[in-house]
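Close look at the chain arrangement
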Amino acid sequence: MTPYFWPAMWEQRRICIAQTLYQHRAQKVLDVGCGEGNMLAFLVAPGPNDEHPVEQLYGIDIDADALAVARDRLLPDEADRRDLRVDPLSVRLFYGNATVPICGISPDAVVCSEVIEHISETEEVPALTRAILGSYRPHLAVFTTPNAEFNVNFPALAYGTPSAQLRHSDHKFEWTREQFGKWAAQAASTFGYTVELRGIGFSMRNATDDFKPSGGCSQMAVFVRKEPGGLDPTSSTASEEMPRLFAQFEYPVYLLPVLEGQDLLTFVQTAARSICDNQRVFQVAVLWDVLEVKQQFKRLQALHCWLEARACAFAQLSVTTASKDHAYQLI
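Scope of this entry: the structure provided in the associated data block. What you see is a predicted model; the values in this text were computed from it and never measured.

What the 8 strands build is an open sheet, ordered β6-β7-β5-β4-β1-β2-β3-β8; its pairing is mixed. Only two strands of the sheet have a single neighbouring strand rather than two, namely β6 (193-200) and β8 (244-250). Each strand of the sheet is rotated relative to its neighbour by a mean of 15 degrees, with strand direction disregarded. Bridging between strand β3 (residues 90-95) and β8 involves 6 bridges; their strand directions are antiparallel. Directly across from Y95, in β8, lies its bridge partner R244.

Overall, the coordinates contain 14 aromatic pairs when judged by the stated rule. An aromatic cluster is built from F143, F173, W175, F180, W183, Y193 and F223, whose rings are joined through pairwise contacts. Directly above the aromatic system of Y251 lies the positively charged group of R85, at a separation of 5.5 Å from the ring centroid.

The next subject is the side chain of T145. Mapped onto the elements, T145 comes out in strand β5 (residues 140-146). In this structure T145 comes out as buried when scored by relative accessible area, which is 0%. Polar side-chain contacts of T145 include one of 2.8 Å to the side chain of E117. Those residues within four positions of T145 in sequence are excluded, and the remaining contacts are E114, I116, E117, F180, S218 and Q219.

Taken together, 3 strands build an open sheet; the order of strands is β9-β11-β10 and the sheet is antiparallel. Edge positions in the sheet fall to β9 (281-283) and β10 (315-317), since each has one partner strand and no second. Between one strand and the next, the sheet's axes are offset by a mean angle of 35 degrees, whatever the strand orientation. Of the pairings in the sheet, the one linking β10 to strand β11 (residues 327-330) comprises 3 bridges and is antiparallel in character. The partner of L317 across the bridge, within β11, is Y328.

Another aspect to go through is the environment of K226. If you trace the backbone, K226 turns up in the loop between β7 (218-225) and β8. Distance from K226 to R205, taken between C-alpha atoms, is 40 Å for residues 21 residues apart in sequence. Excluding anything up to four places from it in sequence, K226 contacts G192, Y193 and T194.

L21, V29, L43, L57, L74 and L93 are the most contacted members of the largest nonpolar core, which has 35 residues in total. Among the secondary structure elements, those contributing two or more residues to this core are α1 (9-23), α2 (38-44), α3 (64-74), β3, β4 (109-113), β5, β7 and β8. Examining the composition of this core, we find that 5 residues originate from one element, α1, more than from any other. Setting aside anything within four residues of it in sequence, one finds L57 in contact with V29, L40, L43, V44, L89, S90, V91 and R92. Counting 31 residues, the second largest nonpolar core, distinct from the first, contains I102, W183, A184 and A221.

Calculation criteria
- Residues numbered from 1 in each chain as written.
- Predicted model: local features only at pLDDT ≥ 70, side-chain atom pairs only at ≥ 80, totals over all residues.
- Heavy atoms only, no water.
- Pairing = 2+ DSSP bridges.
- Helix = DSSP H or I, 4+ residues; strand = E, 2+ residues; numbered from the N terminus.
- Axes fitted to C-alpha atoms, helices over the stretch in contact; angles between N-to-C directions.
- Phe/Tyr/Trp six-rings, centres within 6.5 Å; stacked < 30°, edge-to-face > 60°.
- Lys NZ or Arg CZ within 6 Å of the ring centre and 35° of its normal.
- Buried < 20%, exposed > 50% of the residue type's maximum accessible area, 1.4 Å probe, protein only.
- Polar contact = N/O pair within 3.5 Å; in protein donor to acceptor, adjacent residues only side chain to side chain.
- Contact = heavy atoms within 4.5 Å.
- Core = buried A, V, L, I, M, F, W, Y, C linked by side-chain atoms within 4.5 Å.

What follows is the structure, given as structure tokens:
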């Protein structure tokens, strides 16, 4: 059987990027080279940290056709209008050269995933690095790019031979881990960031016996700014045409008044009964997954506090599971 990645490499990359964004509590995210909006669509789904939700998404690309696909993919649909979000989310897509900073936005995180290998290594990569780390100056910046050394496990690429090929016909170069590390260290030093290098996709299913461990199939650099400070407008390239707005929209959000007193108590009782087991025990985490509960409380911590203060009216802590699962048993 043919070797393959599981989960697929694209999914592993997006998961790693999203987890990094959530870890750093990013709420305004710019995806540079967003293409058809795959990463942005991944971030539209609410993250695990409800205290710091992503509220603004930006994307920029030089391909208008790809941006049209991204716009159509990201537009709120009937499900979004039915299942109203707890927190606001706006999306703005821009058409233009990503080496020129977008005027008027100040993202706290920038993602540049599988982009740099598609542009000139000597001219455009330095310009893009300067735009992201020198102009936007986000708290967090995440870059990913193929690890050339992993190509040894793709026989058709003939890695290490005079006839070696790159993974994609549009790739201008592919860096080894040493080359990527050198670029990242220099960029971090120049623009005042720390940087951590990581690998993504270390192994393949159905790999042959001659599989050669070579780091991750993709490599990721996570830059964290050392000092406070946002957008630096003085570092823009005035001679270049500024990116222009391609599309913008906002997702519908729940704005109705929340319940109080006995009405809220009855509501929570009903929701808890719908998800409890045959011992009448319900997990708070499962209760929180009920959209209407999120709409009422907005934050998981608020639900915990309410249960601790009011649960005696209809439930008690489940002694067997409360310590690890925050479970209650209906009275």
